[in-house]
Each structure stands twice: as structure tokens, then as C-alpha cells.
Amino acid sequence: MKRIIIFSALFFVLLSTATPQQVIIKGTLRCMNNGVASSTRGAVNIIIVPSFNPTAAVATTTTPQGFFQINTGWNAKDLKDKNVTLYIITKCSNCKNVQRIFISEDLDKRNTDPSKMYVTVKNWKLLENCKASELPDLLSEKLLDSAHHLPALTVEGKAPGSPALAPVSFINLFQKLVTAVATANSGLFKAISIQPGKIKYGRFLQSSALTNTDNTGFNFSPSRNLSEAVFWNAAAIANSSKPNNISLLSNFKNNIKLSGYQQISKQFYLGVGGIYTKQDELRQLQVIDVSTESFTLAVRYPEKLKEFAVFLSPVYAINNNLSVGVTIKSVWQQFNNPYLVAMEQDFNTNRAYNFFKDDSINQYHFDADLSFNYKINSYLQAGISVMNVTGTKLHADVFIRDSANPSYVNQRTYGVGLCYKRGRLNVGVDALFTEKELYDAAIGVNYVPFNDALIAAGYAIKQKSFSATLKLKHFKIAYINDNNLVINAVNVGKNKVFNGKIYSGFVFDF
């Protein structure tokens, strides 16, 4: 009888110890607090998906911050000696989104519930700012619900040490979650902030004088090449050896200059011209759901900027050495300003579409320039230009409606130039000043190798841009590297070396 009792007790003990243990994975996911690596806190609303069982996905909690506990639904004997993959979904596209854990018996810590095996993930930290990683509440809930509807995988029959996730299944999971994100981002959103961009608004006149030109170093005291004199020192037109001129310079992509002048009388000239520039880029725009005022996300916003000016320049030659010019101009600026974004989902293709309802900013101003050109002697010439004397202001960047004050760039500038002539070689120096500082300075050289030919090169010091030009009689070709001053990032050519940097044109003197 005693033997029966002992064997029965041992039998029940074996039954209790043989009860399958469910694997519980827990831990705290941390992120960088205010972008400081040494300061961290728990990351909330981050979705953690066990790759082998998406239905067990959880979101990190707010109390305590960053804590998660996943009941995998798998027995310890099935996951023992296998790599388990946890996939996380955050707002940060660059964050590490995979954590792999090797399940082994030694990881189990003693606890009061023998039916559960607890595995703790230690030192899990996102190397990203918390605000840039954490999902909004609504989006976090929708992603978690989507993950719960994904099918579970199987690891039965796999050898110890094999991964608990096949690559194809991982890709499928990722695609389904991306679809879930796209579906969640449907509705009407309002712009609340925009990240800094590369386009320099309101700078096209300054850049056109020193950087985007084939006459670098000579524009404020031009001598041999007067094709841009109408724009920068109209007084120099009186030095022309021909009574009439028409000139064109363009890269036929985003920059064009067209000008001409005519001698009206012995001492009076009249010049006309225009400059047109176009820029575009994609910038990150933060938007908020207009219905909830709580769900925010980031979208790529296409912005386009057009700036141009038209010039009319009467010139008077006081004597053979001194001339003066007055330029009347109209300056224009046009760009799209972010306001509303309508997001829609094509359920047939699972593609998301963004429709932007922008404010259209259009402004134009009338202003004037005053220029002087003086021949100091036979080999030295100087020029001075006071531009936009009324102080026209152009927008310095896009802005958010009702939430930010627009910034402006004052167009009043002062240009000085000096040209040294020595036989076939000319050397020129230009400097452009705003009301606060030196905008840039440039040095240029040009050389006449033979009749009806001109070789020129120039360098802008602060912008570190340069140009090289070859003119043969009436036609010219130039390479102008503006060092990324003019931005065209949406439609980029395959060959970036020559993308928008090759200029051509003509100069007809008659």
C-alpha cells in the first residue's frame, strides 16, 4: 500500500513538472530623452510584434513608461534553443526595428507561476529622440489592431537553433504593416510645421550677380562682356563699341537671362532685360488630423519656387570717362505654401495618395537701381551700383498659416567692381554687400586668344562656386557650378555633374 501511495505521489509530481510552460517575453524599451544619449526614458506607444505570432503584439505602456510583456502563446519546448525575432514599429524610419533573442532554459527566472517561463530583454534602447520615435495614440491603436489580425507562423519540426521566422514571412509581415499605416493615414490633415529646406528664398538677384553668371568678377564694372550690364551696372553700357546688342544665357532648365540695349543718341542709351529662376525640392511637413487635433504624422511636401525680374535701364554718358544709369525694375516671387493635405487610400492597389491644397503666394514689387561707371585711366575701370533703393522685401522661406510669422530678405544691396586691363588679359573683382554684411566677392579673368573669341573664368569666394566660358563670335557655352545654390531636387537628371550646369547662349552686337 505504501508503495502505491509513493508511486502515485511521484506520478502526480511528474505530471505537474511536465505541464507545458508558456514563454513570456518582457522588458522596457527606452529612447533618448530630448536627443541626449546619456538621458533616456521609456518609449511609449511603440508596437512590438513577435514575428512568429503577430496576434501576441503589444504596445509599450505609459505606466510604467516603455514596459511591455508579450505572452507569446508558445510552449517553452517549442521555442527552446531557437532565435525569436521581435519586430518594432515606430515613427522613426531609420531606427533599428529588429531585436533577436535566443531562448534557453537558463534565461528563465524563478517565479510563482510554474506554468510560465519569463524571458527578460535587457538594455533595449532606441538610438533616436523619443518624440521622433513614439507613435500617436490613434495610429498606435490601429497598427496594433492590424497586427492582431495577421496569421501566426509555425516553428514546429524545426531543428534547435533555427530561426523562428522565414525571410519571406518577414517581408510579408512588413508589407502588411506598411499597408496598415497607409490605411491609418486617411483623412484631412492641416500643416503645423515644416522642416528646414535647401532652397534659399529671396536670393536670386544676389546669386545671379556673382554665382549664376558667365561673367563672374566683371558684372559691376563690365568691359568686354556687356551681356549682363543691364542687370548689374547699366551705366557701363555707354562703353559699348557697338550701338546695339541682344544677349541670351540659359541652361534651359531653371535659369534664363535675356537682355539687350540700343543707343538712342550720342550720349543716351536704353537697355531692357529679364531674369528667371525656378527651384523645387521635397521637404518634410508635419501635419495634424483636423478632426481629432491629436493625430500627427510627417509627409513629403513638394515645394516650387519661381523668382524673376524685369529691367528697364536708361543710361547717360556724362563724358568719355563717366556714365550713369538708372534702372526701373519689377521683381516677382511665386511659390506654393503648405496648408491642407487630403490623404486617400486606393484599396485595390493598397497605395496611398496625398493631395495638397496649398496657399499660392504671389507678390511683385517695383524698385530701382542707380549705377555709375568710371574709367580711371586706360587700364583701370571702376563701377558702383546701388540696387533696390526702396528696400523691396521678398519672402525668406515658406511659412505655416496662422502659426508662424513670415521672414523676409531685404533686397537692398551695394555692388562695387574694379577691372584691370592688360593687353589680351583682363582681371576683374566684384563685391556685393547687403545692409548687414558682405554677401560675397568674386574674381574673374578673361582672355582674347584670337579675333572674335573670348575665354573667361571666375570664382566666388564665399559660395565657392566657379564658372568657365568660351565665346566664339556670336555664340557661347559655359559651365557654371553654383555649389548647390540653386536647388532642383524633384526632377534630377541621371548625370548630376552636368545637370543644370551647362549654359549656352548668344551675343549679337550690331
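Up top you'll find the structure we're talking about.
Cut-offs applied
- Residues numbered from 1 in each chain as written.
- Predicted model: local features only at pLDDT ≥ 70, side-chain atom pairs only at ≥ 80, totals over all residues.
- Heavy atoms only, no water.
- Buried < 20%, exposed > 50% of the residue type's maximum accessible area, 1.4 Å probe, protein only.
- Helix = DSSP H or I, 4+ residues; strand = E, 2+ residues; numbered from the N terminus.
- Pairing = 2+ DSSP bridges.
- Disulfide = S-S within 2.5 Å.
- Salt bridge = Lys/Arg side-chain N within 4 Å of Asp/Glu carboxyl O.

Participant: Any details on the pairing of strand 23 (residues 465-472)? Residues and values, ideally.
Facilitator: Of the two faces of strand 23, the one holding Ser-465, Ser-467, Thr-469 and Lys-471 is buried and the one holding Phe-466, Ala-468, Leu-470 and Leu-472 is not buried anywhere. As paired strands, strand 22 (residues 453-460) and strand 23 are joined by eight bridges and run antiparallel to one another. Paired with Ala-453 across the two strands is Leu-472, which belongs to strand 23. Here strand 23 pairs with strand 24 (residues 475-481) via seven bridges, running antiparallel. Across the sheet, Thr-469 pairs through a bridge with Ala-478, a residue of strand 24. Between strand 23 and strand 24, which follow one another and run antiparallel, lie two residues, and Lys-473 among them has a positive phi close to 55 degrees.

Participant: Hey, could you go over the state of the cysteines for me, with residue numbers and the actual values?
Facilitator: The final tally for this structure, using the stated rule, is one disulfide. Sulfur-sulfur distance for the disulfide between Cys-31 and Cys-130 comes to 2.0 Å. Around the S-S axis, the bridge from Cys-31 to Cys-130 shows a dihedral of about 105 degrees and counts as right-handed. With Cys-31 in strand 1 (residues 22-33) and Cys-130 in helix 3 (residues 130-133), this pair connects stretches of sequence that are 99 residues apart. Judged by its relative accessible area of 0%, Cys-31 falls in the buried class.

Participant: Provide a residue-level description of the sheet that holds strand 3 (residues 47-50), including the pertinent values.
Facilitator: Taking strand neighbours across the sheet as the criterion, the four strands line up as 4-3-6-7 in an open arrangement whose pairing is antiparallel. Each having just a single partner strand, strand 4 (58-59) and strand 7 (98-102) make up the two edges of the open sheet. In terms of strand pairing, strand 3 meets strand 6 (residues 83-89) through four bridges, oriented antiparallel. From the neighbouring strand, Val-49 faces strand 6, where its bridge partner is Tyr-87.

Participant: I'd like a rundown of the pattern of salt bridges, residues and numbers included.
Facilitator: By the definition in use, this model includes nine salt bridges. Of the charged contacts, one joins Lys-257 and Glu-228 as a salt bridge, the two residues approaching to 2.9 Å between their closest N and O atoms. Remark: Glu-228 occurs in the loop between helix 6 (204-210) and helix 7 (229-232) and Lys-257 occurs in strand 11 (residues 255-263); sequence separation between them is 29 residues. By the burial criterion, Lys-257 is buried, and Glu-228 matches it. We note a salt bridge from Arg-412 to Glu-435, for which the minimum N-O separation is 2.4 Å.

Participant: Now, about unusual backbone geometry: what can you tell me, with residues and values included?
Facilitator: In the segment running from Thr-63 into Pro-64, the intervening peptide bond is cis, with an omega of -5 degrees. Although it is not a glycine, Asn-483 adopts a positive phi angle of roughly 55 degrees. For Asn-483, the position within the fold is in the loop between strand 24 and strand 25 (502-509). On the basis of relative accessibility, which here comes to 35%, the residue Asn-483 falls in the partly exposed class.

These figures capture arrangement, not role.
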